[in-house]
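# Observations on the model geometry
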Amino acid sequence: MTSDLDYLGLSEAAALIRAKKLSPVEYVTALLARIERYDGKYNAFIALTPERALNAARAAEAEITAGRWRGPLHGIPYALKDIIDVEGLVTTAHSKILMGNIAHRHAIVTQRLEAAGGVLLGKLSTHEFAIGGPSFDLPWPPARNPWSRDHFCGGSSSGSGAGLAAGFFPAALGTDTGGSIRNPASMCGITGMKPTYGRVSRRGVVPLAFSLDHIGPMTRTVRDNALMLQVIADHDPGDPGSVDEPVPGYSAMLGEAVRGLRIGVVRHFYTRDVAGDPEQVEALDAAVKLLAEAGAEIKEINLPPLQDFSACGQIILAAEAYAVHEQWLKERPGDYGSRARERLLAGAALRAVDYLRAVRWRLQLRDRVAEAFAGIDTAITASSMDPACRIDDDEALATNYSRQARMPFNVTGQPALVIPAGFSKSGLPLSLQLVGHPFDEAMLYRVAQFYEDATGWTRRHPVELAD
Amino acid sequence: MIEELRDKARALGLDRLTDEHLAQFERATNGMARHLQRLPSGMQPAQEPAHVYRAKGNAP
């Protein structure tokens, strides 16, 4: 059962809704029916809120009919990773620890999406507390990959990635502390932006590691992603990490050519530091070739070894996450799933001096990267080194966190966008990552849109879902 | 061995860990030790960490 509405993009739907050619109520009803039919096998949702969604869709329709269109998100269905607060709904973080944890106010990002007229469909699966997964020992099962149900769909924003690939909604939010937006984007063949640190408010989102946490949009296409970021990006004086920087028009450069742009290639991440899967490397080489043929100036750049970023980021993450979880780990260690407990215990014995050495090192790494970026407009590199592994392959899952090039940009705080870059011979998505100067998300969207238009990878969807 | 681990965990206030949890604690600590080995030495004494205290914050 596939209808024309299942894989409708946010921007296409917005145009139809604005022109009154698509009813938000019909749209939401169609997606709810698809979710009801298929999500039992894919577990993208922890909690579906159909009544609330239909009420919001009716309200949007009434406003639009009365001539009060609020903007591109008005009447558009979306869903939130279940570490993001929605007033009156439970925020579980996919954990027994937070069962019954009703949010008393919206997160800032929820406020902004609601004010834009978005229609919340429900709360999405995550790895437990955005760190422990995929896990079969939690109150809810892990999300599955719509391209192959037996395969990992990435994480921690697993329900966001799975639901987009399954055609359950056109837009979602995820969070990214060591790659958790970009990993499911890679595994599920969708588009995920980790914006610059401080660009999107973290207030009302369950923290994992304060200085590495980012909230960002996940969509199927680049244009849709830019529209979502436009809605959620702003300065929040209530978030100590938020930066008071003007918000540009993220769609302004979409459709522009890449001729003359200086694009750095961080090839050593996926050829020397870690040997990427040949199909993934081939996809990256093909993308670089395509950009070069379109007139971009390609230049290989060298950053510190991937393992340095990984070590620095993991030490900071472990220390900050343990500070969040210490009390629960002391009092209720058995209420965590096995994977989250093990990953969180990594911070228990860290010394203050080690954490401080890591955050001092972080500045050195940031400066080395800034130096390498001085002569380029954007950089291209790998996100994941491999296509998705089987969800029951513990050995491959264990390496998932080391065979990736996402942590460097949590450490530096630069914006990083992952988009589909083809498919493996077995039909699983491949991906690439674009990295920009701080607060220059618009440049990433420009290059990504060019690539998307040239390749058409985002027009492919899983052929058939299991029901 | 397990008693050593239990003592180490207890010293950190983690006195409700089961044997299975202690094994996880050991694996996690060993994994972190590999990351710690990469920390650079010889930083200048005045080199500041990435986030520093501000006397006037922007919290509400």
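Residues numbered from 1 in each chain as written. Chains lettered and ligands numbered in written order. Predicted model: local features only at pLDDT ≥ 70, side-chain atom pairs only at ≥ 80, totals over all residues.

### Observations concerning the overall build of chain B
Going by this rule: Working definition: helices are DSSP H or I runs of at least four residues, strands are E runs of at least two. Numbering for both runs from the N terminus. Radius of gyration: C-alpha atoms only; globule rule: 2.2 Å multiplied by the number of residues to the exponent 0.38. Counting other C-beta atoms within 10 Å of a residue's C-beta gives its exposure: the residue is buried at 20 or more, exposed at 12 or fewer, and partly exposed in between, where C-beta atoms are placed from the backbone.
Scanning chain B from terminus to terminus reveals two helices and zero strands. Whereas a compact globule of 60 residues would reach a radius of gyration of roughly 10 Å, chain B reaches 18 Å, over 25% beyond that. For the C-alpha atoms alone, the extent of chain B along its principal axes is close to 45 × 35 × 15 Å. Per-residue burial for chain B yields a buried fraction of 18% across its 60 residues.

### Thoughts on the interface of chain B and chain A
To keep things clear, this is the line we draw: Throughout, a residue-residue contact means that the two C-beta atoms, derived from backbone geometry, are no farther apart than 7 Å. Throughout this entry, Asp, Glu, Lys and Arg are counted as charged residues, while Ala, Val, Leu, Ile, Met, Phe, Trp, Tyr, Cys and Pro are counted as nonpolar. The remaining residues, Gly among them, count as polar.
Tallying the contact residues gives 28 residues for chain B and 30 residues for chain A. Residues that form the side of chain B that touches chain A fall into these classes: 14 nonpolar, ten polar and four charged.

### A look at unusual backbone geometry
Residues and elements named next belong to chain A. For the bond from Gly-133 to Pro-134, the omega torsion is 0°, close enough to zero to count as cis. Position of Pro-134 among the secondary structure elements: in the loop between β3 (119–124) and α5 (158–165). Although it is not a glycine, Phe-129 adopts a positive phi angle of roughly 50°. Here Phe-129 lies in the loop between β3 and α5. Owing to 27 C-beta atoms within 10 Å, Phe-129 belongs among the buried residues under this scheme. Backbone geometry at Ala-130 places phi at a positive 65°, although glycine is not the residue there. Among the secondary structure elements, Ala-130 is positioned in the loop between β3 and α5. Here Ala-130 falls in the buried class, since 31 other C-beta atoms lie within 10 Å of it.

### Quick look at the sheet that holds strand β7 (residues 262–265) of chain A
All names here are of chain A. So the rule is basically this: Two strands pair if DSSP finds at least two bridges between them. Axes here mean lines fitted to C-alpha atoms, for a helix over just the part in contact, with angles spanning 0 to 180 degrees between N-to-C directions.
Read from one edge of the open sheet, eleven strands run β1-β3-β2-β4-β6-β5-β10-β11-β9-β7-β8, paired in mixed fashion. Where the open sheet ends on each side, the last strands, each with one partner, are β1 (45–48) and β8 (297–300). Within this sheet the neighbouring strands show an average axis-to-axis angle of 30°, counted without direction. Relative to strand β9 (residues 378–381), β7 is paired through three bridges, and the arrangement is parallel. Directly across from Ile-263, in β9, lies its bridge partner Thr-378. Across the sheet, helix α7 (residues 222–232) is in contact with β4 (171–176), β5 (191–194), β6 (214–219) and β10 (416–423); its angle to β6 comes to roughly 145°.

### Let's talk about the environment of Pro50(A)
Residue and element names in this part refer to chain A. With respect to the helices and strands, the residue Pro-50 is situated in helix α3 (residues 50–65). According to the C-beta neighbour criterion, Pro-50 is partly exposed, with 15 such atoms within 10 Å. Distance from Pro-50 to Met-187, taken between C-alpha atoms, is 28 Å for residues 137 residues apart in sequence.

### Notes on the environment of Phe45(A)
All names here are of chain A. In this structure, Phe-45 sits in strand β1. Residue Phe-45 is classed as buried on the basis of its C-beta count, with 23 C-beta atoms lying within 10 Å. Linking Phe-45 and Gly-163, residues 118 residues apart in sequence, is a C-alpha distance of 7.9 Å.

### Focus: helix α9 (residues 278–293) of chain A
Residues and elements named next belong to chain A. Defined as follows: The span you would expect from a helix comes to 1.5 Å times its residue count less one. Of all possible arcs, the one meant is that of the directions from the helix axis to the C-beta atoms.
Counted at 1.5 Å a residue, the expected span for α9 with its 16 residues is 22 Å, and the 22 Å between its end C-alpha atoms agrees. For α9, every residue scored as buried is listed here: Gln-280, Ala-283, Leu-284, Ala-287 and Leu-291. Within α9, the buried residues cover an arc of 95° as seen down the axis, which keeps them to one side. Set apart from the buried face of α9 by more than 90 degrees, the exposed residues are Pro-278, Lys-289 and Glu-293. Following α9 by one or two positions, Gly-295 has its phi on the positive side, about 105°.

### Structural notes on the pairing of β3(A)
Residues and elements named next belong to chain A. For clarity, the cut-off: Assignment of crossover handedness uses the view with strands pointing away from the viewer, where a clockwise path from the first strand over the helix to the second indicates a right-handed crossover.
Taken across its six residues, β3 has five buried, putting it largely inside the fold. In this sheet, β3 lies alongside β1 in antiparallel orientation, the contact comprising three bridges. Looking across to β3, one finds that Phe-45 is bridged to Leu-124. Sheet topology note: the strand β2 (residues 77–81)/β3 ladder contains five bridges and is parallel. Its bridge partner lying in β3, Leu-80 is registered against Lys-123. Following the backbone out of β2, through helix α4 (residues 108–115) and into the adjacent parallel β3, one traces a crossover that is right-handed.

### Some remarks on the packing of helix α2 (residues 24–42) of chain A against α3(A)
Two measures define how a pair of helices packs: the angle their axes make with one another and the distance between the axes. Residue and element names in this part refer to chain A. Stated precisely, the cut-off is as follows: Working definition: roughly parallel below 35 degrees, roughly antiparallel above 145 degrees, roughly perpendicular at 65 to 115 degrees, and oblique for all remaining angles. Crossings are sorted by hand: turned counterclockwise from the far helix by less than a right angle, the near helix makes the crossing left-handed, and turned clockwise it makes it right-handed.
Between α2 and α3, whose axes approach to 8 Å, the crossing angle comes to 160°. Of the possible angle classes, the one that applies to α2 and α3 is roughly antiparallel. Here α2 runs over α3; the crossing is right-handed. Note on element contacts: α3 touches α2 through Pro-50, Ala-53, Leu-54, Ala-57, Arg-58, Ala-60 and Glu-61, opposite Pro-24, Val-25, Val-28 and Leu-32. Residues belonging to the contact of α2 with α3 are distributed by class as follows: nine nonpolar, no polar and two charged.

### What to know about the packing of α7(A) against helix α15 (residues 441–455) of chain A
All names here are of chain A. For the pair α7 and α15, interaxial distance at closest approach is 9 Å and the crossing angle is 160°. Taken together, the axis directions place α7 and α15 in an arrangement best described as roughly antiparallel. Mapping the contact onto sequence places Val-222, Arg-223, Ala-226 and Leu-229 in α7 and Glu-441, Tyr-445, Ala-448, Gln-449 and Glu-452 in α15. Each residue belonging to the contact of α7 with α15 can be placed in one class, and the counts come to five nonpolar, one polar and three charged.

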